[in-house]
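Close look at the chain arrangement
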Amino acid sequence: MTFHVVFSPFNYTDLGAPGPSAADVIVFHDRLQQGGKGVGDEIGSCVLVDPNGLANCTGVVRLKGRGTITFAFVNAPPPHKVLAVTGGSGQFRTGSGDGTLDENEDGTGTLVLRLQR
């Protein structure tokens, strides 16, 4: 499955030492589209583990009327992320697999999920 992603504004909470540091949190709520139409969203959070932006992230894709897909990834400054699909609900309840998230410089990106059932 391939989705056009419209990213939410950057939401960063500085919990550790001032500035980027371990324990800081990023949260997101992005819109997902296919063929120009809204089909769902993705929500999640990332916890920084070092000041260079390395973070452990988890999230949930919600697809209207179909169910959810959960995922985890290591967030690092490069715009290409590799995801592990960790579960789901509804028609995706037995789902596993992987995917990628590629960020563009304009607040959009592409999410590709390859599910195995």
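Below, the structure is looked at part by part.

Cut-off values and rules
Residues numbered from 1 in each chain as written. Predicted model: local features only at pLDDT ≥ 70, side-chain atom pairs only at ≥ 80, totals over all residues. Heavy atoms only, no water. Core = buried A, V, L, I, M, F, W, Y, C linked by side-chain atoms within 4.5 Å. Buried < 20%, exposed > 50% of the residue type's maximum accessible area, 1.4 Å probe, protein only. Helix = DSSP H or I, 4+ residues; strand = E, 2+ residues; numbered from the N terminus. Contact = heavy atoms within 4.5 Å. Salt bridge = Lys/Arg side-chain N within 4 Å of Asp/Glu carboxyl O. Phe/Tyr/Trp six-rings, centres within 6.5 Å; stacked < 30°, edge-to-face > 60°. Pairing = 2+ DSSP bridges.

1. With respect to the nonpolar core
Leu32, Cys46, Val61, Leu63, Ile69, Leu111 and Leu113 are the most contacted members of the largest nonpolar core, which has 20 residues in total. Elements that contribute at least two residues to this core include exactly strand S1 (2-6), strand S3 (25-34), strand S4 (37-48), strand S5 (55-63), strand S6 (67-75), strand S7 (80-88) and strand S9 (108-116). Counting residues per element, this core draws most heavily on S5, which supplies four residues. The contacts of leucine 32, once residues within four sequence positions are left out, are Phe3, His4, Val5, Lys37, Gly38, Val39, Gly40, Asp41, Glu42, Val61, Leu63 and Leu111.

2. So, the pattern of salt bridges
Under the definition given, this model contains three salt bridges. Linking aspartate 98 and arginine 114 is a salt bridge whose minimum nitrogen-to-oxygen distance equals 3.1 Å. Of this pair, aspartate 98 sits in strand S8 (residues 96-103) while arginine 114 is found in strand S9, placing the two residues 16 residues apart along the sequence. A relative accessible area of 34% means that aspartate 98 is categorised as partly exposed. Take arginine 114: its relative accessible area is 40%, and that puts it in the partly exposed class.

3. Quick word on the side chain of threonine 100
Turning to its location among the elements, threonine 100 is positioned in strand S8. When near neighbours in sequence (up to four residues on either side) are disregarded, threonine 100 contacts His80, Lys81, Leu83, Thr110, Leu111, Val112 and Arg114.

4. Brief notes about the packing of aromatic side chains
Going through the model one piece at a time under the given rule, you end up with two aromatic pairs. Judged by centre distance (6.0 Å) and plane angle (10°), the rings of phenylalanine 10 and tyrosine 12 are stacked. With a centroid separation of 6.0 Å and an interplanar angle of 25°, the aromatic rings of phenylalanine 71 and phenylalanine 73 are classed as stacked. With relative accessibility at 7%, the residue phenylalanine 73 sits in the buried group.

5. Quick look at the pairing of S1
Pairing of S1 with S9, which is carried by five bridges, proceeds in the antiparallel orientation. Of the residues in S9, the one forming a bridge with threonine 2 is valine 112. As judged from the three bridges shared by S1 and S3, these two strands associate in the antiparallel manner. Among the inter-strand pairings, histidine 4 is bridged to a residue of S3, identified as glutamine 33.

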